[in-house]
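Fold and contact review
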Amino acid sequence: MAEDLNALSHDAFRARWREWLHANFPNEWRIPIIHRLAGEDERRWHRMTYAAGWRAPSWPKEYGGLGLSLEKQLIMNEEMEAHRCARVLDSGGALLAPVLMKYGTEEQKARYLPAILNGDDLWCQGYSEPNSGSDLASLGTTAVKDGKHFIINGQKIWTTLAAFADRIFVLVRTNKDVKKQAGISFILADMDLPGLTVRPIMNLAGEDELCEVFFDNVCVPTENLVGALDQGWTVAKALLGDERITNGAPTLPRQSFEMLEQLVQGLDLGDDQGVNDRVAVLLCDLHDLAALHRQVADAAIRGEVDNAVLSMMKVLATELFQHITDEMLRVSNESAGLVEPVGIGGLDTDLRKLFMVARPSTIYAGANEVQRNIISNMLLGPAAK
Amino acid sequence: MGWRVDNELQQMLRDSAQGYLGDAGGAPHARRVRALSDGFDPATWASFGELGWTGVLLPERLGGSELGLEPALTLAEELGRSIAPEPFVASSVIAGTLLSAATTDAATELGIALAQGRRSVTLAWQENRGSLGLPPFVTCLQNGMLSGTKVHVPGWHPGVALLVAAVSATGPVVVLVDPTAAGVTITASRLTDATLAADIVFDRVAIADDAVLLRGAAAEAALQLALARGTVALSAQLEGLAGALWQMTASYMKDRLQFGSRLSDFQALRHQMVDLSAGIELAAASWRAAATALDSGVGVDLAIHAAKARCSQAAQDMSRWAIQYHGAFGYTDEADVGLFVHAALAWSTWLGNPAAHRRAALVAYRSGNVRHG
Ligand SMILES: Cc1cc2nc3c(=O)[nH]c(=O)nc-3n(C[C@H](O)[C@H](O)[C@H](O)COP(=O)(O)OP(=O)(O)OC[C@H]3O[C@@H](n4cnc5c(N)ncnc54)[C@H](O)[C@@H]3O)c2cc1C
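From a predicted model like this one, the values you see are computed outputs, not experimental measurements.

Calculation notes
- Residues numbered from 1 in each chain as written.
- Chains lettered and ligands numbered in written order.
- Predicted model: local features only at pLDDT ≥ 70, side-chain atom pairs only at ≥ 80, totals over all residues.
- Heavy atoms only, no water.
- Helix = DSSP H or I, 4+ residues; strand = E, 2+ residues; numbered from the N terminus.
- Rg over C-alpha atoms; globule rule 2.2 N^0.38 Å.
- Buried < 20%, exposed > 50% of the residue type's maximum accessible area, 1.4 Å probe, protein only.
- Contact = heavy atoms within 4.5 Å.
- Areas by Shrake-Rupley, 256 points an atom, 1.4 Å probe, with all protein chains shown as cover.
- Buried area = accessible area lost by both parts, 1.4 Å probe.
- Salt bridge = Lys/Arg side-chain N within 4 Å of Asp/Glu carboxyl O.
- Polar contact = N/O pair within 3.5 Å; in protein donor to acceptor, adjacent residues only side chain to side chain.
- Domains from an automatic or database assignment.
- Expected span 1.5 Å × (residues − 1).
- Arc of directions from axis to C-beta.
- Core = buried A, V, L, I, M, F, W, Y, C linked by side-chain atoms within 4.5 Å.
- Near = heavy atom within 4 Å.

1. Focus on the overall build of chain B
Each helix and strand counted, chain B has 11 helices and 10 strands in total. Compactness check: chain B gives a C-alpha radius of gyration of 21 Å against a globular reference of 21 Å for 373 residues, within 12% of the reference. Counting only C-alpha atoms, chain B reaches 75 × 50 × 40 Å along its principal axes. A burial count over chain B gives 60% of its 373 residues as buried. Counting contacts in chain B only where the partners sit at least 6 residues apart, residues at least 24 apart contribute 75% of the total. Carbon and sulfur atoms provide 53% of the accessible area of chain B, an area that totals close to 14,500 Å².

Below, the structure is given as structure tokens:
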């Protein structure tokens, strides 16, 4: 697509994207909330969008992205939500690429960014460890420099989609003699290196996307270090601001609320005042969160970013998602215990799965309690220990 | 869409409001008004007039500044932060909207007096406690006689100008009634924000033709708009109140030491304060969205119900935790917390409480095919 998408009016842009999406998004992927494109499906999606000129909306053009305004990025998300598209994680495009753009060498950018764009490389994020979750800076996986190589030893865990990934970006300890944040480095590794093994973990939604990743004398060249040695903590924080606003969108609450309404109508509970009063609370929560998100996005488009509110929206959106799936269980009696699609009100999903999919959202990307710590530091000043 | 950042006009108004209210408003002023038997301070109302606040929605022909709804809401938010007991919502917003729509001589005269802060004006519309929006009126104007009962008429004091919404043979009307006229019986009650609300019985009260300010479709539209704006403005006041109370509580928590720690260092309390702050962020987002909906005409009912529910709830929640985190001191009349809590009680329950508005929001959502976000 040679023309400048940014030059299109919002309506024209929306129409253009919608037309392409409806014509090309595979029907079997139109499963919102509970389905996520993984492995070859994810690769195929990146290839499709890349070929059609829709890949990497938020990336600057100099790196091969679309360089779209935040407004247009949000429009793309809205259309995907409305089309009931499955989720896509895109660890490479969303999490690693901003880091490389900010801290990578020219060689690193030239080597890795194009392969993220065209779907050749799928990445996974290796931060958490068995003993370092919320307290990530305590991580113990080590990398020791040995001539032109780092030798990595240790274990990562909860590495999403590691089994399908081509490469991993890891945080490793390169210095034990300094404050814990000051001895961490950010390193890239190929998943097929000798000594690197992956073991999937079965989760409560019946998926095995989470993995353990073991490093046993894994040897990577020193040019795989991103940013300076021991500066990995700072490097890891280089997320695009825009990404955080799109992440704070109330997409999952909105989609699940519509399912809840399908259930309520299908069970003929529309006149049950007890149910209605609970649903009304959820409706108002959703309405107001959507209003907040739009206003925060609107302010961000004009350059005003409020970090406390961005974190708040993560907390609000994930907890609302859970409250909505809780209510689905509450209204649906024995059907809530089925490991089968419920078939009530045309709803063809399994309620247990919806309930389970909502659980980890309050744990990952900074557990909500940790988010509250961060927000309270911003609102009340740091707590004395 | 709504805004998070003031435009130039809003910023200017906010600055002048903070300047004036910082000196003349807040808890000391609320205590002074509480000591007045009428719950109304004409001198402060006159100052509001000089500042252009009483006529913020009134057109130039009435001496108003006609700034429009959004700046009026900025003011409402600041008046809420300052727990102003003045009848800004009842008079400047609700009655002001009606007087802007009317063109009779009596309406013009009253509009000018309102813009100057010489009069405050109130609208009697509600006929049963707990009703939301315009009811089908029983109060009736027939052959020049007004009969019926109104409840919870806000901003009551002996000098107030009284507008009454009623039904007539030609549809709804808004009439100006002399509260001292024969056949008018008034029972005023004190509210928790120190103001008075009146229950009023009209028993064949003579109404001159020129006291009918609005008729028919124009009356209906103006009444709808007045209540909608009033509800959004009251929501903004409640959010402002909750935000100020949050800050007051946070400062207290930073000063008060127990167990060798500041209260503000305890994690359980910090997390609760974050959740209360999130509630206030949602409240602000919600009334702004309602103002925008009112402007565009899209999704108005859902947005207004959600806003009043959220802002009322945020103020009530903040009130409870403010008392708790001030400890026993928070339970005293001496602490200013109580003034905020009392104002929150009156404001959050007037024009529909949170539960009623949430129910209405769901009805609007299900009937209107409006999107929830
Ligand atoms: C679905 C899913 C996908 C994930 N994907 C990845 C991935 O791709 N890559 C990766 O590196 N990691 C991933 N993670 C890991 C995630 O980042 C961690 O789970 C998270 O950081 C929390 O760490 P933890 O699970 O060890 O919990 P812990 O740190 O042990 O915390 C347990 C609970 O204790 C509470 N808590 C912890 N600290 C505090 C505190 N200071 N104050 C108050 N309460 C506290 C919180 O409630 C928390 O949920 C994923 C996790 C999930 C669930």
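We are not done yet, so read on.
2. Some remarks on the interface of chain B and chain A
Tallying the contact residues gives 38 residues for chain B and 46 residues for chain A. Taking both sides of the interface into account, the surface hidden between chain B and chain A amounts to around 3,800 Å²; carbon and sulfur atoms contribute 60%. On the surface where chain B and chain A come into contact, there are 6 salt bridges. Our count for the contact surface shared by chain B and chain A stands at 18 residue pairs in polar contact (both at pLDDT 80 or more).

3. As for unusual backbone geometry
Located in the positive-phi region is Asp268 of chain A, a residue other than glycine, with phi close to 60°. Inspection of the secondary structure assignment puts Asp268 of chain A in the loop between helix H8 (251-266) and helix H9 (273-301). Its relative accessible area of 70% is what places Asp268 of chain A among the exposed residues. Not every positive phi belongs to a glycine, and His152 of chain B is a case in point at roughly 50°. Looking at the element boundaries, His152 of chain B is found in strand E3 (residues 145-156).

4. Description of the domain arrangement of chain A
Residues and elements named next belong to chain A. In terms of domains, chain A is made up of domain 1 (5-88), domain 2 (123-236) and domain 3 (248-384). Placing a centre on the C-alpha atoms of domain 2 and another on those of domain 3 gives a separation of 32 Å. Taken together, the contact pairs 4 residues of domain 2 with 6 residues of domain 3. For the pair domain 2 and domain 3, the summed buried surface comes to about 390 Å²; carbon and sulfur atoms form 60% of the total. Counting the surface domain 2 buries against domain 3, the share from its top three residues, Ser134, Leu204 and Ala205, is 85%. Along the contact surface separating domain 2 from domain 3 lie 1 salt bridge. Here Lys353 and Glu207 are joined by a salt bridge, their closest N and O atoms 4.0 Å apart. Inspection of the domain 2/domain 3 interface yields 0 residue pairs in polar contact (both at pLDDT 80 or more).

5. Some points on helix H12 (residues 368-380) of chain A
The end-to-end C-alpha separation of H12 of chain A is 17 Å, in line with the 18 Å expected for 13 residues at 1.5 Å each. The set of residues buried in H12 of chain A consists of Asn368, Gln371, Arg372, Ile375, Ser376 and Leu380 of chain A. Along the long axis of H12 of chain A, the arc covered by the buried residues comes to 135°, so they all point the same way. For H12 of chain A, the secondary structure elements touched by its buried residues are helix H10 (307-331) of chain A together with helix H7 (216-255) and helix H8 (267-296) of chain B. Of the residues trailing H12 of chain A, Gly381 of chain A is marked for its positive phi of about 85°.

6. As for the nonpolar core
Residues and elements named next belong to chain B. Among the nonpolar cores identified, the biggest contains 98 residues, and Trp53 and Leu163 are the most heavily contacted of them. When residues in this core are grouped by element, the largest group, 19 residues, is from H7. For Leu163, the residues in contact, after removing those within four places along its chain, are Ala95, Leu98, Leu99, Leu110, Val121, Thr122, Leu123, Ala124, Val174, Val175, Leu176 and Leu213.

7. What about the site of the ligand?
Taken together, the neighbourhood of the ligand is formed by 17 residues, with Gln125, Ser128, Ser134, Trp158 and Thr160 of chain A sitting nearest. Residues close to the ligand are split across chains A and B. Ser128 of chain A has a polar backbone atom sitting 2.7 Å from an oxygen atom of the ligand. Taking Thr160 of chain A, its side chain carries an N or O atom lying 2.7 Å from a nitrogen atom of the ligand. The fraction of the free accessible surface of the ligand (970 Å²) that becomes covered by protein chains is 66%. Of the residues forming the shell around the ligand, the biggest block, 3 residues, is contributed by H12 of chain A.

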